[in-house]
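# Breakdown of the fold
Listed below, chain by chain, are the residues.
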Amino acid sequence: KQGYFFHLHIHGKKLAALRGLPGFDDALKENNRLRAIAQEKTKPELDVRLPDSFEKSNKYPVLIVLHGYGRNNEKMKMWFRSNNIYSNYILAFFQSSFIVGRDAYGWRVGEWSQRDIKTCFRQLSEKYPVDQSEIIISGMSAGAYAALDAVLNDIIPIKGFILNCPAVPSI
């Protein structure tokens, strides 16, 4: 009633047991409607932390960070506190446009994630002095899977990658 929606794993055992209970199916339908409205408005987001001694006239290597499933850029920032990164790299957090819950996003690997990565990279390259030959992409869980997909499909110029706990593709 207040316009909030949630990411519900309805096919999981815990929530599947709720199907058919009074009011649940209506609540689920409304939840999905609200989520669809939010999805129409959601765009990929770029969040950048520049090196401590940043100078617009210099080109900088970039570390791209992709969040995990159900996360966002803000939740990823706390894991990247390195003096080496802060001194030498443009740190670029890419947030997917695939909304799964309130302030929670996921990577839909394939065309969707590739489009979001290209969009964020274009914004980054247009606004900051990026050394196109020194780009590392990293990701956690589903973000690692999306990063690997970007590497294998040559979505942006990538020199290397770091994968943390990559999600296993369903085959």
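It should be emphasised that the depicted structure is a prediction, and the values quoted were computed from it without experimental measurement. (Residues numbered from 1 in each chain as written. Predicted model: local features only at pLDDT ≥ 70, side-chain atom pairs only at ≥ 80, totals over all residues. Heavy atoms only, no water.)

### Observations concerning helix α2 (residues 24-41)
Filter applied, for reference: Secondary structure counts use DSSP, requiring at least four H or I residues in a row for a helix and at least two E residues in a row for a strand, with both numbered from the N terminus. Here the expected span of a helix is defined as 1.5 Å times the quantity of residues minus one. Only protein chains enter the accessibility calculation, which uses a 1.4 Å probe; a residue is then buried when its area is under 20% of its type maximum, exposed when over 50%, and partly exposed in between. Here the arc refers to the directions that run from the helix axis out to each C-beta atom. By the convention used here, residues are in contact when the closest approach between their heavy atoms is within 4.5 Å.
The end-to-end C-alpha distance of α2 is 26 Å, a good match for the 26 Å that 18 residues give at a rise of 1.5 Å each. Among the residues of α2, those classed as buried are Phe24, Leu28, Asn31, Leu34, Arg35, Ala38 and Gln39. One side of α2 carries all its buried residues, which in axial view fall inside an arc of 145°. Of the residues in α2, the exposed ones pointing more than 90 degrees away from the buried face are Asp26, Lys29, Glu40 and Lys41. For α2, the secondary structure elements touched by its buried residues are α1 (13-16), β4 (98-101) and α5 (111-127).

### A word on the pattern of salt bridges
The cut-off we apply is this: In what follows, salt bridge is the name for a side-chain nitrogen of Lys or Arg lying within 4 Å of a carboxyl oxygen of Asp or Glu.
Enumeration according to the criterion identifies five salt bridges in this entry. Lys77 is the salt-bridge partner of Asp47, the closest N and O atoms lying 2.3 Å from each other. Taken as a pair, Asp47 in strand β1 (residues 45-49) and Lys77 in helix α3 (residues 73-77) lie far apart in primary sequence, 30 residues in all. Its relative accessible area of 27% is what places Lys77 among the partly exposed residues. For the salt bridge of Glu74 with Lys77, the shortest nitrogen-to-oxygen distance reads 2.8 Å. Taken together, the residues span about one helical turn, with Glu74 and Lys77 both in helix α3 at a distance of three residues. It is possible to trace a salt-bridge network through shared partners that takes in Asp47, Glu74 and Lys77.

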